[in-house]
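Topology and contacts: notes
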Amino acid sequence: MRLYALCDQDLLDKKGLSLEDFIGIAKEKNAEIIQYRNKNSDVAFIKQQLIKIRKMYDGFLIVNDAYELIEFCDGVHVGQEDLRAIDKDIFTAVKILRSVIKKDKILGISTHNKEEVLQANEMDLNYIGLGAYRNTDTKSDVSTVLGEKLDEIASLSKHLVAAIGGVQESDKFAYVTYHVMGSGLIR
């Protein structure tokens, strides 16, 4: 299993965990990637957190949404709604992002079904997040749970696939590169 650790600030706050605690757990589990997600703070705070993470962790560091902070990390992950906020046409949105996020940086997007995976195949990306695999404590607005269909849909992707949403270490996939785990790491 290759671990992609999702460090969600709301989850840390809810569980009373420090950023240092989470990074320690992720390092102990040999996370190859850490994504920092913070939907409620300003850019200055997110920047501070990225700088802190970088001092503690030398793997790949991805920021969720805040592509203006690309210089402080290795890449950006963006959801479907966030793409549409950049441009109503998601293909144009990815082109805009790629013009800001140069080729040496990682760009990933969320996908939830076969159609979005096939669309992503036509985009200049490094990976896709696919899910939700199961219901999760981290996100309460999960509308689609793919369950066992996730691996079948993942097989259609030309990009690396990171399974998201309720993924556990013990889950087995044939076409998934990364297990994305957030709350599952800190139980």
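Now for a quick tour of the structure. (Residues numbered from 1 in each chain as written. Predicted model: local features only at pLDDT ≥ 70, side-chain atom pairs only at ≥ 80, totals over all residues. Heavy atoms only, no water.)

This paragraph deals with helix H5 (residues 90-100). Among the residues of H5, Ile90, Ala93, Val94, Leu97 and Arg98 are the ones counted as buried. Summarising the axial view, the buried residues of H5 lie within an arc of 135 degrees, below the 170-degree limit, and thus occupy one face. In the core, the buried residues of H5 are packed alongside strand E4 (75-78), helix H4 (80-86), strand E5 (106-111) and helix H6 (114-120). (Buried < 20%, exposed > 50% of the residue type's maximum accessible area, 1.4 Å probe, protein only. Helix = DSSP H or I, 4+ residues; strand = E, 2+ residues; numbered from the N terminus. Arc of directions from axis to C-beta. Contact = heavy atoms within 4.5 Å.)

Turning to helix H2 (residues 19-28), its buried residues are Leu19, Phe22, Ile23 and Ala26. One side of H2 holds all its buried residues, which, seen down the axis, span an arc of 95 degrees. Tucked into the core, H2 has its buried residues touching strand E1 (2-8), helix H1 (9-15), strand E2 (33-37) and helix H3 (43-56). In the segment just after H2, Asn30 is the residue with positive phi, at about 60 degrees.

It is worth spelling out the sheet that holds E1 at this point. One closed barrel holds the eight strands; their spatial order is E1-E2-E3-E4-E5-E6-E7-E8, and the pairing between them is parallel. Looking at each pair of strands side by side, their axes are set apart by 25 degrees on average, direction ignored. (Pairing = 2+ DSSP bridges. Axes fitted to C-alpha atoms, helices over the stretch in contact; angles between N-to-C directions.)

Here the focus is the side chain of Glu116. Along the chain, Glu116 falls in helix H6. One buried charged residue, Glu116, forms no salt bridge at all, with the nearest opposite charge on Arg84 at 5.4 Å. (Lys, Arg positive; Asp, Glu negative; His and termini not counted. Salt bridge = Lys/Arg side-chain N within 4 Å of Asp/Glu carboxyl O.)

Membership of the largest hydrophobic core comes to 51 residues, with the highest contact counts inside it found for Phe22, Ile34, Leu83, Leu125, Leu130 and Leu150. Ignoring sequence-local partners within four residues, the contact set of Leu83 consists of Val78, Ile90, Ala93, Val94, Leu97 and Ile109. Residues Tyr4, Ile33, Ile106 and Tyr127 belong to the second largest nonpolar core, which totals nine residues. (Core = buried A, V, L, I, M, F, W, Y, C linked by side-chain atoms within 4.5 Å.)

In the structure shown here, the tally under the stated rule is nine salt bridges. Each of the salt bridges in this network shares a partner with another, and the network as a whole consists of Lys39, Asp65 and Asp82.

Scanning the model with the defined rule gives three aromatic pairs in all. Aromatic side chains Tyr4 and Tyr178 sit 6.3 Å apart centroid to centroid with 70 degrees between the ring planes, which places their arrangement in the edge-to-face category. Of this pair, Tyr4 sits in strand E1 while Tyr178 is found in strand E8 (residues 178-181), placing the two residues 174 residues apart along the sequence. Using a relative accessible area of 8% as the deciding quantity, one classes Tyr178 as buried. Of the aromatic side chains, those joined through ring pairs into one cluster are Tyr4, Tyr127 and Tyr178. (Phe/Tyr/Trp six-rings, centres within 6.5 Å; stacked < 30°, edge-to-face > 60°.)

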